[in-house]
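Given next are the chains, with one letter for each unit.
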Amino acid sequence: MLGTSLREAAAALRLGQVSATELCQKCLSFIKESSFLNAYITVTEEVALKQAAEADKRFSRGQPLGLLDGIPVAVKDNFSTCGIETTCASRMLKGYIPPYNATVVQKLFDQGAVLMGKTNLDEFAMGSGSTDSIFGPVKNPWSYSKAYREKRAVNHHNAEKESDWLITGGSSGGSAAAVSAGTCYVALGSDTGGSTRNPASHCGVVGLKPTYGLVSRHGLIPLVNSMDVPGILSRCVDDAAAVLGVLAGHDPQDSTTIQDPFEPFKLPEKISMNKLCIGIPKEYHAPGLSTEIVTLWSKAADMFENAGAKVVEVSLPHTPYSIVCYHVLCTSEVASNMARFDGLEYGHRSDVDDSTEAMYAATRREGFNEVVRGRILSGNYFLLKQNYEEYFLKAQKVRRLIADDFVKVFRAGVHVLLTPTTLTDAAPYLEFIQEDNRTRSAQEDVFTQCANMAGLPAVTVPASLSSRGLPLGLQFIGRALCEQQLLTVAKWFEKQIGFSTLQFHREIENDCIAQQHNKSASSL
Ligand code: GLN
């Protein structure tokens, strides 16, 4: 049951083949069995069982709330949840209990979704590995899959060694692992420079970043306000579309949300290929891109062409400037966002009380990790009066050029761009942390962050296994507010490429269970 899509689970609930409480209990026991993945920071068992019981009452009255009624979901731990600890994986917010729900969380609850827990992430969503959390790194469920272990001759016992397990990507690695391992049907992530799509690709799930302003950020603890978007991680494109339909729409609490009414959509099964134009950006042949991803990318382009679509090479000439531009803009917004954590208003407060300044400084030194502190320092440097024009203002102008590149390509008739999502498959943990996480984060986001700077919707779809037996995703980037078109194309591709993620999820579930059993057996 856990290895099914959200729609299948929703249908089974309606037919009474399974109760919401049974489904919830199965997920809870699987969360326990796969706890070594470190996907969850907080498991909300009590809340989940209560919500599931309420869903069952509604089912017995024949009055379910909506598609998500009784469906187990997880939420990244940077979304505020009323009465439930929200840490951003940081010492700074440890113990913080928000008094309200983020709008997206409330919308899930209004539909009857059952919250399994809050998922692990890089501190304050800064990173691409989910390795920088005060709760420890998240492990990729695929580290335990048969395919990977057979290729590397890793057995159950030594899969626990750091050298043998893989990162999930990040920063929404906990959400990606939670969906991939089958502990919930869908999870919320956040996406500022790729944090939903990157881990989704490494964990073999679908990751959707909606158009900026389509989904409310109210209650999402900000990283970069001008780029942050709540993201959706799911097992198939249809599920992501269904959840987007629930989350999207104007929110009076977020002035950047789009006012126009949002029409929930249903993705058609058929798509008329001969009216479709797919663009292949030539600058996305970036240094470090693995040859097997290049092969997969061109195979996907051929599939569209053979089906009758027009496939054209396009140029997004300012792409090479995006990493530096993102760095200046991101750190500048981080510096101003993080100013609120001063030991007075929110979170951690140091015992140092020599002076107010000393208390501020000690609070921030103790509360933030090195990555966060480094970004605050860079950002404040870029925002200095004498640097502002040379860095911040210039980066704003480059951002506009990057966004205009997309506008030109779409105006020339391209409907959707097809690109890689990541440079390689998931790296082993030790290899990943050997390199400075900041450098690695920057490189990893080369294919994803432009969509954030331009505010465009993008989705990664699992497409194949690498030669090491690990999932590889491909990304589609669409026109602003054209999610219907983007997801229809993504769904067609998902079907054609025939990489059955659901089947793999079932296998991973079994493998994770076997892994846990072996561990307990060997400790007897
Ligand atoms: N890796 C990027 C960063 O560290 C993106 C983070 C995100 O999307 N939250 O800034």
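So, here's what we can say about the structure. All of these numbers come straight from a predicted model, not from anything done at the bench.

Reading guide: rules and limits
Residues numbered from 1 in each chain as written. Predicted model: local features only at pLDDT ≥ 70, side-chain atom pairs only at ≥ 80, totals over all residues. Heavy atoms only, no water. Near = heavy atom within 4 Å. Polar contact = N/O pair within 3.5 Å; in protein donor to acceptor, adjacent residues only side chain to side chain. Areas by Shrake-Rupley, 256 points an atom, 1.4 Å probe, with all protein chains shown as cover. Nonpolar A, V, L, I, M, F, W, Y, C, P; charged D, E, K, R; others polar. Core = buried A, V, L, I, M, F, W, Y, C linked by side-chain atoms within 4.5 Å. Buried < 20%, exposed > 50% of the residue type's maximum accessible area, 1.4 Å probe, protein only. Helix = DSSP H or I, 4+ residues; strand = E, 2+ residues; numbered from the N terminus. Expected span 1.5 Å × (residues − 1). Contact = heavy atoms within 4.5 Å. Phe/Tyr/Trp six-rings, centres within 6.5 Å; stacked < 30°, edge-to-face > 60°. Lys NZ or Arg CZ within 6 Å of the ring centre and 35° of its normal.

## Looking at the site of the ligand
Then comes step 1: In the vicinity of the ligand lie 14 residues, with Gly193, Ser195, Tyr326, Arg375 and Asp445 positioned nearest.
Then comes step 2: Gly127 has a polar backbone atom sitting 2.9 Å from an oxygen atom of the ligand.
Then comes step 3: Thr192 has a polar backbone atom sitting 2.8 Å from an oxygen atom of the ligand.
Then comes step 4: Taking 300 Å² as the accessible area of the ligand by itself, protein coverage stands at 100%.
Then comes step 5: Taken together, the residues of the shell around the ligand sort by class into four nonpolar, seven polar and three charged.

## Considerations on the nonpolar core
Then comes step 1: Of all hydrophobic cores here, the largest spans 143 residues; its most connected members are Met116, Phe124, Phe304, Phe406, Leu418, Phe476 and Phe493.
Then comes step 2: Residues Phe30, Leu37, Trp165 and Phe432 belong to the second largest nonpolar core, which totals ten residues.

## Description of helix α3 (residues 45-60)
Then comes step 1: Taking 1.5 Å per residue as the helical rise, α3 with its 16 residues ought to reach 22 Å, and the 22 Å between its terminal C-alpha atoms agrees with that figure.
Then comes step 2: Taken together, the buried residues of α3 touch α1 (6-14), α2 (20-33), α4 (103-110) and β3 (114-119).
Then comes step 3: Once α3 ends, the next one or two residues include Gly62, with phi positive near 70°.

## Quick notes on the packing of aromatic side chains
Then comes step 1: Counted according to the given criterion, the structure contains 16 aromatic pairs.
Then comes step 2: On the numbers, 6.0 Å between centres and 70° between planes, the contact of Phe304 with Phe476 is edge-to-face. Separated by 172 residues along the polypeptide, Phe304 in helix α9 (residues 291-306) and Phe476 in strand β11 (residues 471-478) bring together distant segments of the chain.
Then comes step 3: Three or more aromatic residues joined by ring pairs make a cluster, and in this case those are Tyr96, Phe124, Phe341, Tyr346 and Phe368.
Then comes step 4: Above the plane of the ring of Tyr185 lies Arg235, whose end atom (NZ or CZ) is 4.8 Å from the centre.

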